[in-house]
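# Fold and contact review
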Amino acid sequence: MRSSKSRSRNKNRNNRPSGGNIINRVFDSSGPDGKVRGTPQQIIEKYNQLHRDAVLSGDRVDAENFAQHAEHYTRLLAEAQREVDAKREEQEEQNRARQAERDRERQERLKAQEAAANDPASMDQPDSGQDARSDDQGSGLVETPEEKPQRPRRQRAPRKPRANADEGNAPDKGNTPEAAE
């Protein structure tokens, strides 16, 4: 079993905020009116509402304080949004570069295919006039099953008709059911 000291040490390590996505991260803001919890956008809206309420009640000091808190979170959100936009632009640029490379490779392949199709050396060569008998004599080539002439198949003889059991055995005639008249 773990001691309580090791548990408390591990708990503090896990509560560190990660740098990740600030736009959707939940913050605890300790403002003059108590804690405000939420995403930066929610905190901005809450402080702006508190600012309006303070202005309507005539408390200029609290109104200014709430306005400054809202401004702080507005800056934080704007900076996070700029970072997100920069990452998005970087990703789009990488995607464009990859797509341009793919297009370039595709064009090269098409050109190579066209060149191969137009190249007279790659075209089929005509037969030299030698017949198959000369190939058998000394070319050293092995005859493949596809090249062999197929033998005509022998047709099967038609089946002999079966002898009826009724005709051959008279004693068995009683075992077969008779048709109703």
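Below: a short report on this structure.

Basis of the calculations
- Residues numbered from 1 in each chain as written.
- Predicted model: local features only at pLDDT ≥ 70, side-chain atom pairs only at ≥ 80, totals over all residues.
- Heavy atoms only, no water.
- Salt bridge = Lys/Arg side-chain N within 4 Å of Asp/Glu carboxyl O.
- Helix = DSSP H or I, 4+ residues; strand = E, 2+ residues; numbered from the N terminus.
- Pairing = 2+ DSSP bridges.
- Polar contact = N/O pair within 3.5 Å; in protein donor to acceptor, adjacent residues only side chain to side chain.
- Contact = heavy atoms within 4.5 Å.

### What about the pattern of salt bridges?
Overall, the coordinates contain eight salt bridges when judged by the stated rule. One salt bridge connects Arg-88 with Asp-85, and the closest N-O pair in it is separated by 3.1 Å. One end of the pair, Arg-88, and the other, Asp-85, are both in helix 3 (residues 60-118), three residues apart, so they sit about a helical turn from each other. Close ionic contact of Arg-96 with Glu-93 constitutes a salt bridge, the shortest N to O distance being 2.7 Å. Within this pair, Arg-96 and its partner Glu-93 are both found in helix 3, separated by three residues, close to a single helical turn. Here the residues in one salt-bridge network are Glu-92, Glu-93 and Arg-96, joined through shared partners.

### Some remarks on the pairing of strand 2 (residues 34-38)
Regular strands have side chains that alternate between both faces of the sheet. Where strand 1 (residues 27-31) and strand 2 come together, five bridges link them in antiparallel fashion. When the bridges of strand 2 are listed, Gly-31 appears paired with Gly-34. Counting the residues between successive antiparallel strands, the hairpin from strand 1 to strand 2 contains two residues.

### Comments concerning the side chain of Ser-29
One can find Ser-29 in strand 1. Looking at Ser-29, its side chain comes within polar contact range of the side chain of Tyr-47, at 2.6 Å. Contacts of Ser-29, omitting those with residues within four sequence positions, involve Gly-34, Lys-35, Val-36, Ile-43, Tyr-47, His-69 and Tyr-73.

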